[in-house]
Amino acid sequence: MFPTPLEKTSRRWQISYQVLLPLMLIIWLLPLIAVANFSIKPEADFVNGNYWGIPSSFDAFSNYGKVFFESNMPRYLWNSLFITIPTVIGAVALSCMAGFALGIYKFRSNLLIFFIFIAGNFVPFQILMVPVRDLTVNMNLYDTKTGLVLFHIAFQTGFCTLFMRNFIRALPFPLIEAARVEGISEWRIFLFVVLPLMKPALAALAVLIFTFIWNDYFWAVVLTQGPTAQPVTAGITEFNSQFRAAYHLMSAGSIVAALPPVAMFFLMQKHFIAGLTLGAVK
Amino acid sequence: MHSILKTSLAALVAAGVTASPAAADGHALSGELNIISDMSNPAPRAVMEGMVEDFDALHPELEVNLTIVDREAWKTQIRNALGANPPDVVNWYAANRMRPYVDAGLFADISDLWAEPEFEALSSTKGAMTLDGAQWGVPYTYYQWGVYYRKDIFEEYGLNEPSNWDEEKANCQTLLDNGVKCYTIGTKFLWTAGGWFDYINSRTNGYDFHVALARGEIEWTDDRVRQTFANWRELIDMGAFIDDHQTYSWQEALPFMVNGEAASYLMGNFSVAAFRDGGLTDDQLDFYQFPVINPDVDYAEDAPTDTFHIASGAQNMDAAKEFLRFVTSADVQTEINSGSGLGQLPVNANASIDDDKFLKEGFDMLSGNAGGGIMQFFDRDFDAEMASVGMEGLQEFMVFPDNLDDILGRLEETRQRIYN
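About the thresholds
Each chain carries its own residue numbering, running from 1 in the written order of its sequence. Written order determines the labels here, with chains lettered from A and ligands numbered from 1. pLDDT decides what is reported in this predicted model: residues at 70 or higher carry local features, side-chain atom pairs at 80 or more are listed and counted, and totals for whole chains, interfaces and linings draw on all residues regardless. Helix numbering and strand numbering both begin at the N terminus, where a helix is a DSSP run of H or I of at least 4 residues and a strand a DSSP run of E of at least 2. We compute the radius of gyration over the C-alpha atoms and compare it with the globule rule, which gives 2.2 Å times the number of residues raised to the power 0.38. Distance between backbone-placed C-beta atoms decides contact: two residues are in contact if it is within 7 Å. Whether a residue is buried, exposed or partly exposed is read from the other C-beta atoms within 10 Å of its own C-beta, which are placed from the backbone; 20 or more gives buried, 12 or fewer gives exposed, and intermediate counts give partly exposed. Think of it this way: DSSP has to see at least two bridges between two strands before they count as a pair. Domains are outlined according to an automatic or database domain assignment. Polarity classes work like this: nonpolar for Ala, Val, Leu, Ile, Met, Phe, Trp, Tyr, Cys and Pro, charged for Asp, Glu, Lys and Arg, and polar for all others, with Gly in that last group. Confidence of the prediction at every residue is given by pLDDT, a number between 0 and 100. Note on definitions: angles span 0 to 180 degrees between N-to-C directions of axes, and those axes are lines fitted to C-alpha atoms, for helices only across the stretch in contact. To define a nonpolar core, we join buried Ala, Val, Leu, Ile, Met, Phe, Trp, Tyr and Cys residues through C-beta atoms within 7 Å and take the resulting set. What a helix should span is 1.5 Å times the count of its residues minus one. Comment on the angle field: the value is read as roughly parallel under 35 degrees, roughly antiparallel over 145, roughly perpendicular from 65 to 115, and oblique elsewhere. Two helices that cross are described as forming a left-handed crossing if the nearer one is turned anticlockwise from the farther one by less than a right angle, and a right-handed crossing if clockwise.

(A) Highlighting the overall build of chain A. On a plain count of helices and strands, chain A comes out with 14 helices and 0 strands. The order of helices and strands in chain A, counted from the N terminus, is α-α-α-α-α-α-α-α-α-α-α-α-α-α. A globule of 282 residues ought to have a C-alpha radius of gyration of about 19 Å, yet chain A, at 24 Å, is considerably larger. For chain A, the proportion of contacts with a sequence separation of at least 24, taken over those separated by at least 6, is 76%.

Given below as structure tokens:
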């Protein structure tokens, strides 16, 4: 078996493993530790060059207080929620239906449509920047949450459909045949037979898409500006003034912005890992 | 902020806003006035909103609509905004930055406003607002550049503010002998080196030469340009600048001065707030005007100016001009540039300033001792592409001064491609 279980290795290897692991972890987490450290420092530390040392005074309350009460951060957090949640619902709902159709029905262009969905995933999204921006401007959706949500749904549906179609394919087909024999309409088969069986896939996909969309920076910058529509990932730069970057506030803001997906990960860890591996072995 | 502005405006109204011919004629302004502003950072935003509110209150029949656009985003949006369905008034920058919009006929010629006697008070920036012999906008704020230095370190080694190049170098040598670098600088984002070039070039060859170079009328390989670099090189060869400056941003170069490893910083006045945050008191921190190099040329100063312009397609020209008179009046400029507003310098020479020694020195310097002219800073005076290639070259020169011939050849090639 690979990798060899740790218990079966030599004592010396076990010890070096136990020493190396925390060391590697610290190196790996160094950027995050730095951000956490920055977020409790007073501004003076950055002017004095005290980047990595111990904060000269403990300013967590004033920094985080400023983030929550003296900036547009709460607004941006709400925007993020209002962008992420409709996207998750929309993308998952559409892809369930598309996956059902592609997984259950046999029609001539089935494979072709499926390939089109997959092909969409291979388009590097950066090249869509200019046309998508023009499209949203022409549709009067530029700088609105709706515009961002619609684009995210459209773009995420490709991956979600691939995922759902493969999952539905793996369901025992006799279940559906049995329902058909009973004379249940196709619509109700989807709702009452297939959908309940898809719960693990739904949960996994929802968690995955939530983190994707919450962490999206690129489209947030391209399609929105200002506190009316921008999500938190893009809004964080608001702490930069015209001449100076406020490292301490940006760090505190980043930590706050990162909390929801991190919380999501720990609460839904099981589904998250399922989401990454689901359909990987078939 | 609003209330302060209002009281001062009340005074203004009481005194009669005589600058306005429209008002003097008895025609009240009416219709809509659409303004797009790029003052999107929190403090400037509040200033802009307050100013518009007050202007609106002065003209009851006029409906003033303000749209605030992100400052960075505005740099790419302005052309679109001025093209189709243009607003009446927009924010932009002075000098060569106006060039694309003036050439495209998108800014309105407002030379008639500048001919009014009230605009005499803005004469320090008239040159910067002039292209092709006409004026295309009005300034509302600027800030000075100069040498910010550690007074306590200077006193420790018995140094005085230098007034010429020899004194500057002598000071520097004393500092170096005592293990203190003369200047901190962070050239990672290039522009800081542009400040050094602006000053050494304008002090060596004068404002007119500098501006001609910026307009692409002089070859980079010209001997006078070489003289500028030779002067600069004297400092570099002394080891006057901190080591590895190409790896720091301007903020990351601050600690060297705050911790006393370097004695001075050629910077804009916005650095003062940072120095104070770092714990330097006004007893430790002081300012001097960049010293004379060539006694035959007058002082020219970097003072990046932010401006208002009227779109050539403006629907309400009268109201737009009245708004420009409003923002350039001494009282309004005093208010918007105060510490609770922008914290910068008013351009109007009759405006007053906050009780701050750096603002005072800067105001006196720009209004009284910048006879050569006001430069807008390297990346605003030069063509955008020339500036970006140019600043890369300046940074390279500061690190590898021996590459000068190569660098100048490259800059000259770029100049010929862009300006011909």
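And the narrative resumes.
(B) Seen up close, the overall build of chain B. Check the secondary structure of chain B and you find 20 helices and 13 strands. Computed over C-alpha atoms, the radius of gyration of chain B comes to 22 Å, within 12% of the 22 Å expected from 2.2 N^0.38 for 420 residues, which places it in the range of a compact globule. Summarising its shape, the C-alpha atoms of chain B cover approximately 70 × 50 × 35 Å along the three principal directions. Taken across its 420 residues, chain B has 50% of its residues classed as buried. Partitioning the contacts of chain B with sequence separation of at least 6, the portion at a separation of at least 24 is 78%.

(C) A look at the pairing of strand 6 (residues 138–142) of chain B. All names here are of chain B. Counting buried residues along strand 6, 5 of its 5 residues qualify, which places the element largely inside the surrounding structure. The pairing of strand 6 with strand 12 (residues 305–310) spans 4 bridges and is classified as antiparallel. When the bridges of strand 12 are listed, Thr141 appears paired with Asp306.

(D) Representation of the domain arrangement of chain B within the structure. All names here are of chain B. What the domain assignment lists for chain B is domain 1 (2–143 + 304–351) and domain 2 (145–302 + 375–419). Centre-to-centre, using C-alpha coordinates, domain 1 lies 32 Å away from domain 2. Listed by partner, the interface residues are 9 residues for domain 1 and 11 residues for domain 2. Of the residues that constitute the side of domain 1 that touches domain 2, the class distribution is 6 nonpolar, 2 polar and 1 charged.

(E) Representation of the confidence of the model for chain A. Averaged over every residue, the pLDDT of chain A is 89; the share at 70 or more is 97%. Predicted confidence in chain A is weakest over helix 14 (residues 269–277) of chain A, with a mean pLDDT of 72, and strongest over helix 4 (residues 73–104) of chain A, with 94.

(F) Region of the structure containing the interface of chain A and chain B. Taken together, the contact between chain A and chain B spans 13 residues of the former and 14 residues of the latter. Its residues placed into classes, the side of chain A that touches chain B shows 5 nonpolar, 6 polar and 2 charged.

(G) Representation of the sheet that holds strand 7 (residues 145–150) of chain B in the model. Residues and elements named next belong to chain B. Strands sit in the order 8-9-7-10 across an open sheet of 4 strands; the sheet is mixed. The two strands at the open ends of the sheet, each matched to only one other strand, are strand 8 (181–183) and strand 10 (285–288). If you compare each strand with its neighbour and ignore which way they point, the axes differ by 25° on average. Looking at chain direction, strand 7 and strand 9 (residues 262–268) are connected through 5 bridges and run antiparallel. Bridging across to strand 9, Val147 finds its partner in Leu266.

(H) Examining the sheet that holds strand 3 (residues 89–93) of chain B more closely. Residue and element names in this part refer to chain B. Within the open sheet, the 5 strands sit side by side as 2-1-3-12-6. Their pairing is mixed. Each end of this open sheet is capped by a strand with a single partner; those strands are strand 2 (62–68) and strand 6. On average, each strand axis in the sheet is tilted by 25° relative to the strand beside it, whichever way the strands run. In this structure, strand 1 (residues 31–37) lies alongside strand 2, joined through 7 bridges in parallel fashion. Its bridge partner lying in strand 2, Gly31 is registered against Leu62. Its contacts with the sheet place helix 15 (residues 317–328) against strand 1, strand 2, strand 3, strand 6 and strand 12, and it is angled at close to 160° to strand 12.

(I) The arrangement of the nonpolar core in detail. Residue and element names in this part refer to chain B. Judged by nonpolar contacts, the single largest core of 136 residues is most densely connected at Phe323, Leu324 and Val327. The residues that make up this core include at least three from each of domain 1 (2–143 + 304–351) and domain 2 (145–302 + 375–419). Non-local contacts of Phe323, meaning those with residues more than four positions away in its chain, are made with Leu33, Phe55 and Val89.

(J) Quick peek at the pairing of strand 10 of chain B. All names here are of chain B. Burial along strand 10 is one-sided: the face carrying Leu285 and Phe287 is buried and the face carrying Asp286 and Tyr288 is not. In terms of strand pairing, strand 7 meets strand 10 through 4 bridges, oriented antiparallel. Across the sheet, the residue bridging to Arg150 is Leu285, located in strand 10.

(K) Expanded view of the confidence of the model for chain B. All names here are of chain B. Taken residue by residue, chain B gives an average pLDDT of 90. The fraction at 70 or more is 94%. Here residues 9–26 scores under 50 on pLDDT; set against residues more than four positions off or in separate chains, the count is 15 contacts. Across the interfaces of the predicted complex, the ipTM metric reaches 0.73, alongside a pTM of 0.82.

(L) Summary view of helix 17 (residues 357–368) of chain B. Compared with an ideal rise of 1.5 Å per residue, which puts 12 residues at 16 Å, helix 17 of chain B spans 16 Å between its outermost C-alpha atoms and is within 8% of the ideal. Check the buried side of helix 17 of chain B and you find it contacts helix 14 (271–277), strand 10, strand 11 (300–302) and strand 13 (373–375) of chain B.

(M) Geometry of the packing of helix 10 (residues 191–205) of chain B against helix 12 (residues 223–238) of chain B. Residues and elements named next belong to chain B. For the pair helix 10 and helix 12, interaxial distance at closest approach is 9 Å and the crossing angle is 120°. Between helix 10 and helix 12, the angle falls in the class oblique. When the axes of helix 10 and helix 12 are compared, the crossing they make is right-handed. For the pair helix 10 and helix 12, the contacting residues are Trp196, Ile200, Asn201, Thr204 and Asn205 in the first and Arg224, Gln227, Thr228, Asn231 and Trp232 in the second. Residue composition of the contact of helix 10 with helix 12, by class: 3 nonpolar, 6 polar and 1 charged.

(N) Representation of the environment of B:Leu254 in the model. For B:Leu254, the location among the structural elements is in helix 13 (residues 254–258). Sequence separation between B:Leu254 and B:Thr184 is 70 residues; the distance between their C-alpha atoms is 7.3 Å. Apart from residues lying up to four places away in sequence, B:Leu254 is in contact with A:Val47, B:Ala274 and B:Gly278.

(O) Region of the structure containing the environment of B:Asn85. Tracing the chain through its elements places B:Asn85 in the loop between helix 4 (71–83) and strand 3. For the pair formed by B:Asn85 and B:Ala314, sequence separation is 229 residues and the distance between their alpha carbons is 8.7 Å.

(P) Broad picture of unusual backbone geometry. With a phi close to 60°, A:Asn140 is a non-glycine residue in the positive phi region. Among the secondary structure elements, A:Asn140 is positioned in the loop between helix 6 (129–138) and helix 7 (145–170). A positive phi angle, close to 70°, is found at B:Leu190, a residue other than glycine. Mapped onto the secondary structure, B:Leu190 falls in the loop between strand 8 and helix 10. By the C-beta count within 10 Å, which is 19 here, B:Leu190 ends up partly exposed.

(Q) Main features of helix 19 (residues 384–399) of chain B. Residues and elements named next belong to chain B. End to end, helix 19 covers 23 Å across 16 residues, agreeing with the expected 22 Å (1.5 Å per residue, within 8%). Regarding helix 19, the residues found buried are Met386, Ala387, Gly390, Met391, Gly393, Leu394, Gln395, Phe397 and Met398. Buried residues belonging to helix 19 abut helix 10, helix 12, helix 18 (378–381) and helix 20 (404–419).

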